[in-house]
Amino acid sequence: MSSQAGSLTKTPRHIVIGGGSGFIGTGLAKKLTARGDKVTIISRTPGPGRITWDDLARDGLPECDAVVNFAGQHILNLKRRWNAAYRDEVIQSRVQTTRQLVAALNASVNPPEVFISTAGKCFYGTRELGVAETYPELDEESKPMGLDFPAELVSLWEAAADGVDATRLRHVKLRIGIVLGQVDRSSFLGRLWRIGRTRGVLPMIRLPFCLGVGAFIGDGRQPLPWIHIDDMVGI
Ligand SMILES: NC(=O)c1ccc[n+]([C@@H]2O[C@H](COP(=O)([O-])OP(=O)(O)OC[C@H]3O[C@@H](n4cnc5c(N)ncnc54)[C@H](OP(=O)(O)O)[C@@H]3O)[C@@H](O)[C@H]2O)c1
């Protein structure tokens, strides 16, 4: 970011976070406000420090220094069947919100300095490994090695974010691994029984183990790229 140091070096800065009410967005908003920055969240629900997607469509993007987008229906919802209708909902929730944000960014008279769009490491897809094969190392330059639903989702999501006019601002694309958060064991009982609340994917992975039926998935050789919430927010 140093090569384009401008409004991002001034304080306080104004950061707009699409989907900022979620697991990662809450952590980021907390960190930014703690250091004196102003945060505006774009949400489906109005409230203090928030604008809605309808406000964004009607009034355009507020004057700001950076925009980060986390909005979208979570890919894993234990209450929903993973059928075609749900998958389409997941795709539309990300593509539509991203398109809306991109349109607002492109229409803004004074665009922010940076647009950070987020998607998942699912971009790379999956494939079955041969018996003696190890998983290939992947980086930003790697092409997807298989196409499955999450890979398709991420490619559509990134394509929507690519609509931003990158001649007017810096566009950073993050392909996030699984974000793991801390288990909050602040209560006496929580510490005693080693139970507590957490957010993100961890509660879903943890549940079978808490019920005594945890096991590895498949042959257990597949990678699980993960990042701690504090590191994610730090990026
Ligand atoms: N957490 C992970 O392990 C992980 C890993 C890789 C990628 N990601 C991606 O990173 C992003 C943020 O992750 P997160 O864990 O913070 O997600 P999250 O907790 O599910 O939050 C996402 C936010 O998006 C908004 N949202 C939900 N459904 C929506 C819909 N149908 N239409 C518009 N907005 C909707 C919600 O905000 P409102 O209710 O305020 O509207 C929600 O707070 C997600 O897009 C996720 O796919 C996450």
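Check the entry above for the structure.
How each quantity is defined
Residues numbered from 1 in each chain as written. Predicted model: local features only at pLDDT ≥ 70, side-chain atom pairs only at ≥ 80, totals over all residues. Heavy atoms only, no water. Near = heavy atom within 4 Å. Polar contact = N/O pair within 3.5 Å; in protein donor to acceptor, adjacent residues only side chain to side chain. Helix = DSSP H or I, 4+ residues; strand = E, 2+ residues; numbered from the N terminus. Nonpolar A, V, L, I, M, F, W, Y, C, P; charged D, E, K, R; others polar. Axes fitted to C-alpha atoms, helices over the stretch in contact; angles between N-to-C directions. Parallel < 35°, antiparallel > 145°, perpendicular 65-115°, else oblique. Left-handed = near helix turned anticlockwise from the far one by under 90°. Contact = heavy atoms within 4.5 Å. Expected span 1.5 Å × (residues − 1). Buried < 20%, exposed > 50% of the residue type's maximum accessible area, 1.4 Å probe, protein only. Pairing = 2+ DSSP bridges. Core = buried A, V, L, I, M, F, W, Y, C linked by side-chain atoms within 4.5 Å. Right-handed = clockwise from strand over helix to strand, strands pointing away.

Novice: Describe in detail the site of the ligand, supporting the description with residues and values.
Specialist: Near the ligand lie 21 residues; those nearest to it are S21, I24, S43, R44 and V179. A distance of 3.3 Å is found between a nitrogen atom of the ligand and a backbone nitrogen or oxygen belonging to Q73. Mapped onto the shell around the ligand, the elements with two or more residues apiece are α1 (23–34), α3 (84–107) and β7 (178–180). Looking at which element gives the most residues to the shell around the ligand, the answer is α3, with three residues. Classifying every residue of the shell around the ligand gives nine nonpolar, 10 polar and two charged.

Novice: Tell me about the packing of α3 against helix α4 (residues 149–161), and please be specific about residues and values.
Specialist: The interhelical angle for the contact between α3 and α4, taken along N-to-C directions, is 15 degrees, at an axis separation of 8 Å. What the angle tells us is that α3 and α4 run roughly parallel. Crossing of α3 over α4 shows right-handed handedness. In this structure, α3 contributes R87, V90, I91, R94, V95, T98, R99 and V102 to the contact, and α4 contributes F149, L153, L156, W157, A160 and A161. Classifying every residue of the contact of α3 with α4 gives 10 nonpolar, one polar and three charged.

Novice: Go over α4 with me, naming the residues and quoting the values.
Specialist: Its 13 residues place the ends of α4 18 Å apart at the C-alpha level, agreeing with the 18 Å of an ideal helix rising 1.5 Å per residue. Three or more residues of α4 are buried, namely F149, P150, A151, L153, V154, W157, E158, A160 and A161. Among the structural elements, α3, β5 (114–120) and β6 (170–176) are those in contact with the buried residues of α4. Its side-chain oxygen 3.0 Å from the backbone nitrogen of A151, D148 forms the N-cap of α4.

Novice: Can you explain the environment of C210? Please cite residues and give values.
Specialist: Along the chain, the position of C210 falls in helix α6 (residues 202–210). Given the relative accessible area of 52%, C210 is considered exposed. Sequence-wise, C210 and R175 are 35 residues apart; in three dimensions their C-alpha atoms are separated by 30 Å.

Novice: Give me the sheet that holds strand β4 (residues 66–69): which residues, what numbers.
Specialist: The six strands are arranged β3-β2-β1-β4-β5-β6 in an open sheet whose pairing can be described as parallel. Each of the sheet's edge strands pairs with one partner strand only, and the pair in question is β3 (50–52) and β6. Adjacent strand axes in the sheet meet at a mean angle of 20 degrees when their direction is disregarded. As paired elements, strand β1 (residues 14–18) and strand β2 (residues 38–43) share five bridges and run parallel to each other. Bridged to I17 within β2 is I41. With respect to the sheet, α1 is in contact with β1, β2, β4 and β6, its orientation differing from that of β1 by roughly 170 degrees. Running at roughly 170 degrees to β4, α3 makes contact with β2, β4 and β5 of the sheet.

Novice: Which residues make up the nonpolar core, and what values do they have?
Specialist: The nonpolar side chains of a soluble globular protein tend to be buried, and buried together. With 22 residues, the main nonpolar core has I17, I24, L28, V68, I176, V179 and M232 as its most contacted residues. A total of five residues in this core trace back to one element, the largest contributor, which is α1. Counting 17 residues, the second-largest nonpolar core is a separate cluster that includes V16, W53, L61 and A71.

Novice: Help me get a handle on the pairing of β5, residues and values and all.
Specialist: Most of β5 sits out of view: seven of its seven residues are buried. Neither face of β5 is open: one carries V114, I116, T118 and G120, the other F115, S117 and A119, and all of them are buried. Bridging between β4 and β5 involves four bridges; their strand directions are parallel. Paired with V67 across the strands is F115, a residue of β5. In this fold, β4 hands off to α3, which returns the chain to β5; that crossover is right-handed. Note: β5 against β6, seven bridges, orientation parallel. Bridge assignment links T118 to a residue of β6, and that residue is L174. Running through α4, the crossover from β5 to the neighbouring parallel element β6 is right-handed.

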